[in-house]
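# Geometric and topological summary
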Amino acid sequence: MAKEISTALCSPATFYLYGSLILNDFQPGWSDIDFLCLTEAPLSQAEAEKLCDFRQQMREKYHDPDYRLFEGAILWNDAFWKGEPTTAVYWGTSGQRIRSEYSLDCFSLYELLTSGVVVLGEDKRGEGELPGFEALRAGVAAHYESIRQHGAETGESLYSCGWLLDIARCLYTLDTGKVISKTEAGIWAREKKLCPNLETLDRALILRKNPALFQENEDWRHWCGAIQEDIERFADVLERKLQLTE
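Residue positions within a chain follow its written sequence, with the count starting from 1. Per-residue local features are limited, in this predicted model, to residues with pLDDT of at least 70; the limit for side-chain atom pairs, both in listing and counting, is 80 or more; totals at the level of whole chains, interfaces and linings are taken over all residues. As a rule here, side-chain values cover all heavy atoms of the structure and leave hydrogens and water aside.

### Topic: the layout of surface pockets
A cavity here means a set of 1 Å grid points, computed over protein atoms only, where a 1.4 Å probe fits but cannot escape. A pocket is an open set with protein on both sides within 12 Å along at least 5 of 7 lines, and lining residues have an atom within 4 Å of a point. Grid points are joined across faces, edges and corners, and a volume is the space filled by probe spheres set on the points. The volume enclosed by the largest pocket comes to roughly 1,300 Å³. For the purposes of this entry, the term helix denotes a DSSP run of H or I that reaches at least four residues, the term strand denotes a run of E that reaches at least two, and both are numbered from the N terminus. Listed by contribution, the elements that provide at least two residues to the lining of the largest pocket are strand S3 (70–76), strand S4 (88–92), helix H5 (106–115) and helix H7 (159–176). Asp, Glu, Lys and Arg are counted as charged, while Ala, Val, Leu, Ile, Met, Phe, Trp, Tyr, Cys and Pro are counted as nonpolar; the rest, among them Gly, fall into the polar class. Tallied by class, residues from the lining of the largest pocket come to 15 nonpolar, 13 polar and twelve charged. One number sums up the size of the second largest pocket: a volume of about 150 Å³. Along its surface, the second largest pocket is lined by Phe80, Trp81, Gly83, Ser103, Leu104, Leu109, Glu127, Gly128 and Glu129. Considering only residue class, the lining of the second largest pocket consists of four nonpolar, three polar and two charged.

Right, dumping it as structure tokens:
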């Protein structure tokens, strides 16, 4: 993918991988391939339009569905590190589009800077600044609001378990000032007995490691649709932790 994107660009670029794939937490059927492609020059409108549905083109070209798993953005290096507006091609879960700006949340930025891998091009992460505790706490607070808003609306979805692991990772970040994988965070929270219903967290970890169970077993799907109360109770733990770190 890095090589194909580079041939479609008019300027050299650096292609980074980060997230679950690099943290040894990639789970087929659940995880995405997180990437960031930073170019030496701003993207032209023609380049952006050419790259917008590029992952679908690669899927068809190589007859490989894994190309659809790539999620991230392609944009100008200088604007990204300075946090300035610029033309960006964004590939997400719900589709792709051309945007006028792009940035990473604090969790993704932390992962990019500390554990990201350069697949192609010159590593320029020295231009970035690692999020400190206040920035991480602000990111946790924002994610907490999303959990409260959407955590009880997932229905029979793997995202139900995802909220539990997100809460665990937020708690770990508030406790340590660091970011780890969702699975590691879930195991950590289990060992600390932070989740009010440990059985629910145990089952979430089982599904995280074996997401095919969700598709193959109707009981697992029904269970995912019935854990909203446990998500809310675990979110209460995160709320109290946020209050203690004010």
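The structure having been displayed, the exposition proceeds.
### Points about empty space enclosed by the protein
With the rule as written, the count across this model stands at one cavity of 30 Å³ or more. Elements with a minimum of two residues in the lining of the largest cavity: helix H1 (2–8) and strand S1 (13–18). Across the lining of the largest cavity, the residue classes tally to six nonpolar, two polar and no charged.

### Remarks on the sheet that holds S3
Here the rule is simple: two strands pair whenever DSSP picks up at least two bridges between them. Ordered in space as S5-S4-S3-S2-S1-S6, the six strands form an open sheet in which the pairing is mixed. Lying at the two open borders of the sheet, with one neighbouring strand each, are strand S5 (95–99) and strand S6 (117–120). Between one strand and the next, the sheet's axes are offset by a mean angle of 20°, whatever the strand orientation. Bridging between strand S2 (residues 33–39) and S3 involves seven bridges; their strand directions are parallel. By the bridge assignment, Ile33 is partnered in S3 with Phe70. Here, residues are in contact when the closest pair of their heavy atoms is within 4.5 Å. Note on geometry: axes are C-alpha line fits, over the in-contact stretch for helices, and angles between N-to-C directions span 0 to 180 degrees. Against the sheet, H5 makes contact with S1, S2 and S6, and its axis sits at roughly 105° relative to S1, the strand it touches most.

### A few points about helix H6 (residues 133–150)
The span one expects for a helix is its residue count, reduced by one, times 1.5 Å. In this model H6 runs 25 Å from its N-terminal to its C-terminal C-alpha over 18 residues, within 8% of the 26 Å that 1.5 Å per residue would give. Exposure categories follow from relative accessible area, calculated using a 1.4 Å probe and restricted to protein chains: below 20% of the type maximum is buried, above 50% is exposed, and the middle band is partly exposed. Among the residues of H6, Leu136, Arg137, Gly139, Val140, Tyr144 and Ile147 are the ones counted as buried. The buried residues of H6 all sit within an arc of 155° when viewed along its axis, so they share a single face. The exposed set on the far side of H6, more than 90 degrees from its buried face, consists of Glu134 and Gln149. The secondary structure elements touched by the buried residues of H6 are H5, H7 and helix H12 (228–244). Arc definition: directions from the helix axis to the C-beta atoms.

### Looking at the packing of H6 against H7
Between two packed helices, what matters for the description is the angle formed by their axes and the separation of those axes. As a packed pair, H6 and H7 sit with axes 10 Å apart at the nearest point and diverge in direction by 155°. In terms of orientation, H6 and H7 fall into the roughly antiparallel class. Handedness of the crossing formed by H6 with H7: left-handed. Contacts from Phe133, Leu136, Arg137, Val140, His143, Ser146, Ile147 and His150 of H6 reach H7 at Trp163, Asp166, Ile167, Cys170, Thr173 and Leu174. Here the residues of the contact of H6 with H7 are counted per class, giving eight nonpolar, four polar and two charged. Note on angle classes: values under 35 degrees are labelled roughly parallel, values over 145 roughly antiparallel, values of 65 to 115 roughly perpendicular, and the remainder oblique. Two helices cross in a left-handed way if the nearer one is turned anticlockwise from the farther one by less than a right angle. They cross in a right-handed way if the turn is clockwise.

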